[in-house]
Amino acid sequence: MIKPIYPCLWFDSNAKDAADYYISIFENAKILSHNLTVTSFEISGTKFMALNGGPTYQVNSAVSYFVYCEKEEEIDRLYTKLSAGGSILMELGKYNWAEKYAWVIDKFGVNWQLDFHGINSAQKVVPCLLFVNEKKYKVKAAINKYTALFENSSILVESPYIPSPEIPDNAVLFAQMKLNGFIMNAMSSPLPQKYDFTPGNSFVIECDTQEEIDLMWGELGMGGKYNMCGWLDDKYGVSWQVVPSILPKLMSDPERGPRVIQAFLKMQKFDIAALENA
């Protein structure tokens, strides 16, 4: 069985500092696990991985995180806390789509969209993919691909562009989808941007079986790029990690762990049997 998707944030060497920072700001937040490479934490039930990956990649605005705030004092507090030492892309205020909304970048470079609006789900923190430049009209194609691939998936919301001669028919400006029960947003940027999807933000898919790994690896990577250690970029440039759910258990074994690490460092697609036999 494929476990719920969760996001991974790439840091140089301060993943634990970032995780501690978020735990101090958000209510209902906690550290789940920590080692020198990875810190896992949770915000209102949404799991995050913070990875010390070095200076190769950085998080950017191509992936942001909606926080749906049900109380006005909550959005006011988060706006103040998350923008401190960071920057503000859209000031807190009333917009056509929200009574109160803001987009901020925190001091670690992570993007947050704060929305004073209830969501009909227990999931209050929702990742958002921003399709930019030549990809801006591909939201519809992307969400169709993702919802067709993952079980227990559906498109929840689609907001089209206002019809115009230069805009393709059925172009989508904003969408919300559910992938294996996990809610994600997708947006199109009408304005040109200097950033795009990178492994600075990725999404982890934990699989129980080799068949699930084979399926996700083959379908998501088709037309994209396969990388090492279970990482791939799909045809839209979104980064995914397709990993066996048993991996943390194998790595935590004092005797087997080092051999498992050496084995998977040589792999692109994970081979569960090879890891278990390491």
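The model shown is predicted, which means the values in this text are computed figures rather than measured ones.

Asks: For a nonpolar patch on the surface, give the residues involved together with the corresponding values.
Replies: A cluster of nonpolar residues, Met251, Ile261 and Leu265, forms a patch on the protein surface that exposes about 220 Å² of accessible area. The residue Met251 is located in helix α5 (residues 247–252) in this model. Using a relative accessible area of 33% as the deciding quantity, one classes Met251 as partly exposed.

Asks: Tell me what's going on with the nonpolar core, and back it up with residues and numbers.
Replies: The biggest cluster of nonpolar side chains holds 78 residues, and the ones touching the most others in it are Tyr22, Trp112, Leu129, Tyr146, Ile205 and Trp240. Examining the composition of this core, we find that 6 residues originate from one element, helix α1 (residues 15–25), more than from any other. In contact with Trp240, not counting residues within four places along its chain, are Ile5, Tyr146, Phe150, Leu179, Ser202, Phe203, Ile205, Leu220, Gly230, Trp231, Leu232 and Asp234. Formed by 12 residues, the second largest nonpolar core is a distinct cluster that contains Tyr68, Ala98, Val126 and Ile183.

Asks: Tell me what's going on with the pattern of salt bridges, and back it up with residues and numbers.
Replies: Under the criterion given, the structure shown has 10 salt bridges. Put simply, Asp208 and Lys3 hold a salt bridge, and the shortest N to O gap is 2.4 Å. Of this pair, Asp208 sits in the loop between β13 (201–207) and α4 (210–221) while Lys3 sits in the segment before β1 (6–11), and the two are 205 residues apart along the sequence. Note on Lys3: relative accessible area 25%, which makes it partly exposed.

Asks: Please provide a residue-by-residue account of helix α3 (residues 139–149), values included.
Replies: Of the residues making up α3, those classed as buried are Val139, Ala142, Ile143, Tyr146, Thr147 and Leu149. The buried residues of α3 all sit within an arc of 165 degrees when viewed along its axis, so they share a single face. Taken together, the buried residues of α3 touch β9 (125–131), β10 (154–160), β11 (172–179), β12 (182–188), α4 and β16 (239–244).

Asks: For the packing of aromatic side chains, give the residues involved together with the corresponding values.
Replies: Tallied over the full model, the rule gives 27 aromatic pairs. Here Phe131 and Phe197 contribute two aromatic rings whose centre-to-centre distance is 5.3 Å and whose plane-to-plane angle is 80 degrees, an arrangement assigned as edge-to-face. With Phe131 in strand β9 and Phe197 in the loop between β12 and β13, this pair connects stretches of sequence that are 66 residues apart. Accessibility classification places Phe131 together with Phe197 in one group, the buried group. In textbook terms, an aromatic cluster arises when at least three aromatic residues are bridged by ring pairs, as seen for Phe11, Tyr21, Tyr22, Phe26, Phe41, Phe48, Tyr65, Phe108 and Trp112. The positively charged end of Lys47 is found above the aromatic ring belonging to Tyr6, 4.2 Å away from the centroid.

Cut-offs applied
- Residues numbered from 1 in each chain as written.
- Predicted model: local features only at pLDDT ≥ 70, side-chain atom pairs only at ≥ 80, totals over all residues.
- Heavy atoms only, no water.
- Patch = residues over 30% accessible without salt bridge, like charges linked within 9 Å, V, L, I, M, F, W, Y side chains within 5 Å.
- Areas by Shrake-Rupley, 256 points an atom, 1.4 Å probe, with all protein chains shown as cover.
- Salt bridge = Lys/Arg side-chain N within 4 Å of Asp/Glu carboxyl O.
- Helix = DSSP H or I, 4+ residues; strand = E, 2+ residues; numbered from the N terminus.
- Buried < 20%, exposed > 50% of the residue type's maximum accessible area, 1.4 Å probe, protein only.
- Core = buried A, V, L, I, M, F, W, Y, C linked by side-chain atoms within 4.5 Å.
- Contact = heavy atoms within 4.5 Å.
- Arc of directions from axis to C-beta.
- Phe/Tyr/Trp six-rings, centres within 6.5 Å; stacked < 30°, edge-to-face > 60°.
- Lys NZ or Arg CZ within 6 Å of the ring centre and 35° of its normal.

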